[in-house]
Amino acid sequence: MYWDSTDLTIILSILALIVLLIFLKLKVIKGRQIPFILIGNILYFWYFNQLFIHIPVANHTPMISFSMMMEKGISEWDLLSNYDLIYIFNDPGLLEWYLYEEWLPVLAMAGVSFAYTLGFEWHRKIKLALVACLANTSLFIWFPLYENRLWGGLVDYVRLPQIYFGIICYIVGYLLCSLLLFIVKKCRRIKKNKSEI
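The following refers to the structure shown. Small disclaimer: the values here were computed from a predicted structure and weren't measured.

On to the overall build of the protein. Secondary structure summary: the protein contains eight helices and two strands in total. What you see in the protein, going N to C, is helices and strands ordered as α-α-α-β-α-α-α-α-β-α. Along the longest, intermediate and shortest principal axes, the C-alpha atoms of the protein span 75 × 45 × 25 Å. Buried residues in the protein amount to 38% of all 197 residues. Partitioning the contacts of the protein with sequence separation of at least 6, the portion at a separation of at least 24 is 80%.

Here it is, written out as structure tokens:
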């Protein structure tokens, strides 16, 4: 099984649901929070698995060793400067593939933060969604370092542009959801004032 397999996303989502149900039993969260946080987790697992492809979960046999990366001068971190953007934008077919395969999954992070913000809203602590962003982002950095340093090299490169844009999408999703919650709260207050009059 590989990190980018659909089966792994399903398994991780089931484990996340079990953890949420345990939290519900311990009265750490409320039942109405579970769907939102679970949706956020599913989107996050899917996005994470899109970033790190063809990496086996159990059989840690390096596709390319870390020492070979160093010898050949292969960068572990894939920067935006590594892309020939002019060539990509001049080729419509390549541009369509690039946007769909490389950048479309990044938009899932907006959905992750939107769902998390709705979930944490029941606690009146939507800023916890930003804390979740830091935790999620740290995994993008920790995972390749762990795999390459501990197992001798598995991750050819880390797609830093997608991670950066993912963080921006996460913040946008948080702001949109916060605005929505503010508008809903304002409307309820206006409605309540009208009913009292």
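Let's shift gears to the packing of aromatic side chains. Per the stated rule, a full pass over the model turns up 12 aromatic pairs. Taking 5.5 Å as the distance between ring centres and 90° as the angle between the ring planes, the aromatic pair formed by Tyr47 and Phe140 counts as edge-to-face. Remark: Phe140 occurs in helix 7 (residues 128-151) and Tyr47 occurs in helix 2 (residues 34-51); sequence separation between them is 93 residues. Side by side, Tyr47 and Phe140 carry an identical accessibility label, which is buried. Through a chain of ring-to-ring contacts, three or more aromatic side chains come together here, namely Trp3, Tyr44, Phe45, Tyr47, Phe48, Phe52, Phe140 and Phe143.

A few words on helix 8 (residues 160-196). Along its 37 residues, helix 8 runs 54 Å from first to last C-alpha, staying within 8% of the 54 Å computed at 1.5 Å per residue. All of the buried residues along helix 8 are Leu160, Pro161, Gln162, Ile163, Gly166, Cys169, Tyr170, Gly173, Tyr174, Cys177, Ser178 and Leu181. Taken together, the buried residues of helix 8 touch helix 2, strand 1 (77-78), helix 5 (92-103), helix 6 (108-121), helix 7 and strand 2 (158-159).

Each value, and the rule that gives it
- The numbers attached to residues start from 1 for each chain and follow its sequence in the written order.
- Two thresholds apply to this predicted model, a pLDDT of at least 70 for residue-level local features and 80 or more for giving and counting side-chain atom pairs, whereas whole-chain, interface and lining totals are computed over all residues.
- Note that the side-chain values use all heavy atoms of the structure and ignore hydrogens as well as water.
- Put simply, DSSP marks the helices as runs of H or I at least four residues long and the strands as runs of E at least two long, and each gets a number from the N terminus on.
- Here's how the labels work: a residue is buried when its accessible area is under 20% of the maximum for its type, exposed when over 50%, partly exposed in between, all with a 1.4 Å probe on protein chains only.
- Throughout, a contact is declared for two residues whenever any of their heavy atoms are within 4.5 Å.
- Ring pairs shown here join Phe, Tyr and Trp side chains whose ring centres sit within 6.5 Å, with only the six-membered ring taken for Trp; geometry is labelled stacked below 30 degrees between planes, edge-to-face above 60, and tilted in between.
- Multiplying 1.5 Å by the helix residue count minus one yields the expected span of that helix.

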